[in-house]
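So the chains spell out like this:
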Amino acid sequence: MRFDVITLFPELFAPHFVHGVTRRAFESGQVEVKLWQLRDFGDPPHARVDDRPYGGGPGMVLLAEPLLRALAAVRADRGDAEPVLLVNFSPAGRPLGQAGVGEFAAGPGAILLCARYEGVDQRFIDAEVDLELSVGDYVLSGGEIPALALLDAVARLQPGVLGDARSHEQDSFSAGLLDCPHYSRPELLGEGSAAAAVPPVLLSGNHAAIERWRRDRALALTAERRPDLAARAEAEGRLSAADREALARARTAKL
Ligand SMILES: C[S@@+](CC[C@H](N)C(=O)[O-])C[C@H]1O[C@@H](n2cnc3c(N)ncnc32)[C@H](O)[C@@H]1O
């Protein structure tokens, strides 16, 4: 798959492609990323890409014409028979969730527009943008971090990228629940009465009991922090009888 990123700050992306487990996806070309400097398509003589908003007010707006030129160049370079989606990141976009990430991870890629300032001339969005995505109810100064968030989440879903293929199946949201807590050495952290022990079941070697404990903790955490997810898993019939009992216990314990 190939992602084309239109940005004023392509240098923000490069470090991400050479570190951590996701670099495998970028270096192997499983997830190809081509960066496009928007200023290369700016208005002459100074490669201008932004201007003040009509109607007055603070900030600048990204101009539609440089964006149209950049998009035409990207589409020509890709030469897709079937045009891929053009995504604009925006706080007003649809919330990006794990299900959406999964769709990108299984698709042909996309063109990602990273806006700055007050955003993009609405006429460009109306005419060209297929999807607007938000990464949360807060405001960042540009679309680069949202684009990196999407690329990272897509890269770690590619086969062979995570050391253990089951890792992302256990991650939060994959099965609609939050992940359970994790522990590693030492068995006792600290000394005396203040020492914090690893939950004994994890040392028992009883794999069925360990799986049940993890599932119960995931259900309890989801019930506490994301009751919306717990209710959805229940309503969609994704919980076993043992899961439903664990959820009921967690809800009662909270009262
Ligand atoms: C300073 S913000 C513009 C905020 C815009 N005036 C608003 O209030 O919706 C500049 C750019 O950062 C990106 N951005 C900021 N917060 C974002 C978020 N939560 N999700 C996705 N993109 C975001 C968008 O590309 C946005 O156009």
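Rules and cut-offs
- Residues numbered from 1 in each chain as written.
- Predicted model: local features only at pLDDT ≥ 70, side-chain atom pairs only at ≥ 80, totals over all residues.
- Heavy atoms only, no water.
- Domains from an automatic or database assignment.
- Helix = DSSP H or I, 4+ residues; strand = E, 2+ residues; numbered from the N terminus.
- Buried < 20%, exposed > 50% of the residue type's maximum accessible area, 1.4 Å probe, protein only.
- Core = buried A, V, L, I, M, F, W, Y, C linked by side-chain atoms within 4.5 Å.
- Contact = heavy atoms within 4.5 Å.
- Near = heavy atom within 4 Å.
- Polar contact = N/O pair within 3.5 Å; in protein donor to acceptor, adjacent residues only side chain to side chain.
- Areas by Shrake-Rupley, 256 points an atom, 1.4 Å probe, with all protein chains shown as cover.
- 1 Å grid on protein atoms, 1.4 Å probe; cavity = no way out; pocket = protein on both sides within 12 Å on 5 of 7 lines; lining within 4 Å.
- Sits in = over half its atoms within 2 Å of the grid points.

Caption draft 1: The arrangement of the domain arrangement of the chain in detail. Entries for the chain in the domain assignment read domain 1 (2-155) and domain 2 (176-254). With centres defined by C-alpha atoms, the gap from domain 1 to domain 2 works out at 38 Å.

Caption draft 2: Structural detail: unusual backbone geometry. Residue proline 44 is joined to proline 45 through a cis peptide bond whose omega torsion reads 5 degrees. For proline 45, the location among the structural elements is in the loop between strand E2 (32-37) and strand E3 (50-51). The omega angle of the peptide bond from arginine 185 to proline 186 is 0 degrees, so this bond is cis rather than trans. Within the fold, proline 186 resides in the loop between helix H6 (167-170) and strand E8 (188-189). Here alanine 47, not a glycine, exhibits a phi torsion of approximately 55 degrees, which is positive. When you line up the elements, alanine 47 lands in the loop between E2 and E3. Judged by relative accessible area, alanine 47 falls into the partly exposed class, the value being 21%. With phi around 60 degrees, tyrosine 117 is a residue other than glycine that occupies positive phi space. Here tyrosine 117 is to be found in the loop between strand E6 (109-113) and helix H4 (122-128). Take tyrosine 117: its relative accessible area is 40%, and that puts it in the partly exposed class.

Caption draft 3: Quick peek at the nonpolar core. Core analysis: the biggest nonpolar cluster contains 26 residues, and Phe3, Phe13, Val87, Phe104, Leu112, Leu151 and Val154 have the highest contact counts within it. Per-element tally for this core: the top contributor is helix H5 (residues 144-155), with seven residues. Leaving out residues up to four positions away in the same chain, leucine 112 has contacts with Phe3, Asp4, Val5, Ile6, Val87, Phe89, Ala147, Leu150 and Leu151. Membership of the second largest hydrophobic core comes to 21 residues, among which are Ile6, Val49, Leu62 and Ala64.

Caption draft 4: View of the site of the ligand. Looking at the ligand, there are 19 residues lining it, with Phe89, Val135, Gly136, Tyr138 and Leu140 nearest. The backbone of tyrosine 138 places a nitrogen or oxygen atom 2.8 Å from a nitrogen atom of the ligand. With respect to the ligand, the backbone of glycine 142 contributes an N or O atom lying 3.3 Å from an oxygen atom. Coverage of the ligand by the protein chains reaches 81% of its 580 Å² of free accessible surface. The pocket occupied by the ligand, as judged from atoms lying within 2 Å of grid points, is the second largest pocket. Looking at the shell around the ligand, the elements that each hand over two or more residues are strand E5 (86-95) and strand E7 (131-134).

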